[in-house]
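Notes for the structure review
Listed below, chain by chain, are the residues.
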Amino acid sequence: FGKSVTRLIVGDNPFNGHSYIEYQTTGQEMKSFYTAEKILETLSHIEASGINTILPLADPFIVRLLAEYERSGGKLQYIFQPYMPMNQDVSIRQLMELQGTIGVYHQGTTTDFLFESGRCEEIRSMLAKYRSMGIPVGLGTHRPDVILLSEKEGWDVDFYMACLQNARRNREGEASGFLTGKTKASLRFYPEDRPVMLDLIASVPKPVI
């Protein structure tokens, strides 16, 4: 899409206390460690290491830190995961004020929850809202069947954000932890999920992160 993106892209779950290993490091420990100062230090270290793109959560705290990072000369690019508890019209306006915003994708667990609830029209409606930003729009999911449906029906997406692990096993119908506050402590990963998603990724003509 006209941008140069390093093959390794950095996520920011630890910045937000979004832990998948609660038994080892809790979300609260992550948030205590990643102060505003530490996050800004980390962003500079990422850029200095040669990585040029990150996948930040679009919550107001992170967005303000990224604005500060840019004011200090930071040049990283951002492919945003929306922060669903926030009004998306307000969030979109804030994201487009940042120089480094090059993409946005529909938040994965919200995609899966709406798919499981038979509410795919709401996904397509939100994709149209993101399309108004004038940047590439993606679809996040943990489910291979969501990507298959999107491809079959021709949803208006430029790329996919695909998890190799189907984190929706035994969690169908649950809303995003950003909304419910539920931790990932009970989440289990199954090795047989990975080849299923990898085979699908290989068959999809669109770019997949």
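Here, every reference points to the structure presented above.
Residues numbered from 1 in each chain as written. Predicted model: local features only at pLDDT ≥ 70, side-chain atom pairs only at ≥ 80, totals over all residues. Heavy atoms only, no water.

1. Some details on the sheet that holds strand E1 (residues 10-11)
Formally: Strand pairing is assigned whenever DSSP identifies at least 2 bridges connecting the two strands. Comment: elements are numbered from the N terminus, with helices defined as DSSP H or I runs of at least four residues and strands as E runs of at least two.
One open sheet holds the six strands; their spatial order is E1-E2-E3-E4-E5-E6, and the pairing between them is parallel. Strand pairing shows two members of the sheet lacking a second neighbour, E1 and strand E6 (159-162), which therefore form its edges. Here strand E4 (residues 101-106) runs beside strand E5 (residues 137-141); their pairing, made up of three bridges, is parallel. Among the inter-strand pairings, Tyr-105 is bridged to a residue of E5, identified as Gly-138.

2. Examining empty space enclosed by the protein
We apply this condition: Here a cavity means grid points, on a 1 Å grid over the protein atoms only, where a 1.4 Å probe fits yet cannot get out; a pocket means an open set of points with protein on both sides within 12 Å along at least five of seven lines; lining residues are those with an atom within 4 Å of a point. Grid points are joined across faces, edges and corners, and a volume is the space filled by probe spheres set on the points. Under the scheme applied here, ten amino acids are nonpolar (Ala, Val, Leu, Ile, Met, Phe, Trp, Tyr, Cys and Pro), four are charged (Asp, Glu, Lys and Arg), and all others, including Gly, are polar.
Applying the stated rule across the entire model yields two cavities of 30 Å³ or more. By volume, the second largest cavity is sized at about 30 Å³. Lining the second largest cavity we find Pro-82, Gln-88, Ser-91, Ile-92, Leu-95, Val-104, Tyr-130 and Met-133. It is helix H4 (residues 88-95) that provides the largest number of residues to the lining of the second largest cavity, a total of four residues. Classifying every residue of the lining of the second largest cavity by side-chain character gives six nonpolar, two polar and no charged.

3. A word on the packing of aromatic side chains
Heads up, the condition is: Between rings of Phe, Tyr and Trp, where Trp is taken as its six-membered ring, a pair exists when centres lie within 6.5 Å; planes separated by under 30 degrees are stacked, by over 60 edge-to-face, and by other angles tilted.
Enumeration according to the criterion identifies four aromatic pairs in this entry. Site record: aromatic cluster; members linked through ring pairs are Phe-15, Phe-33 and Tyr-34.

4. Considerations on helix H5 (residues 108-116)
One turn of the α-helix equals 3.6 residues, which is why residues spaced by three or four share an orientation. For clarity, the threshold we go by: Accessible area is worked out with a 1.4 Å probe on protein chains only. A residue is then buried under 20% of its type maximum, exposed over 50%, and partly exposed in between. Residue contacts follow a heavy-atom distance rule, with two residues in contact if any of their heavy atoms lie within 4.5 Å.
For H5, a buried count of eight out of nine residues is recorded, marking the element as mostly surrounded by other parts of the structure. Taken together, the buried residues of H5 touch E4, helix H6 (120-131), E5 and helix H7 (144-153).

5. So, the nonpolar core
Applied cut-off: Put simply, buried Ala, Val, Leu, Ile, Met, Phe, Trp, Tyr and Cys residues joined by side-chain atoms within 4.5 Å make one nonpolar core.
Leu-43, Leu-66, Tyr-78, Phe-80 and Tyr-130 are the most contacted members of the largest nonpolar core, which has 44 residues in total. When neighbours within four sequence positions are excluded, Leu-66 is seen to be in contact with Leu-43, Ile-54, Pro-56, Tyr-78, Phe-80 and Leu-98. In this structure, Leu-55, Ile-79, Ile-102 and Phe-159 belong to the second largest nonpolar core, which totals seven residues.

Read these as geometric descriptors, not functional statements.
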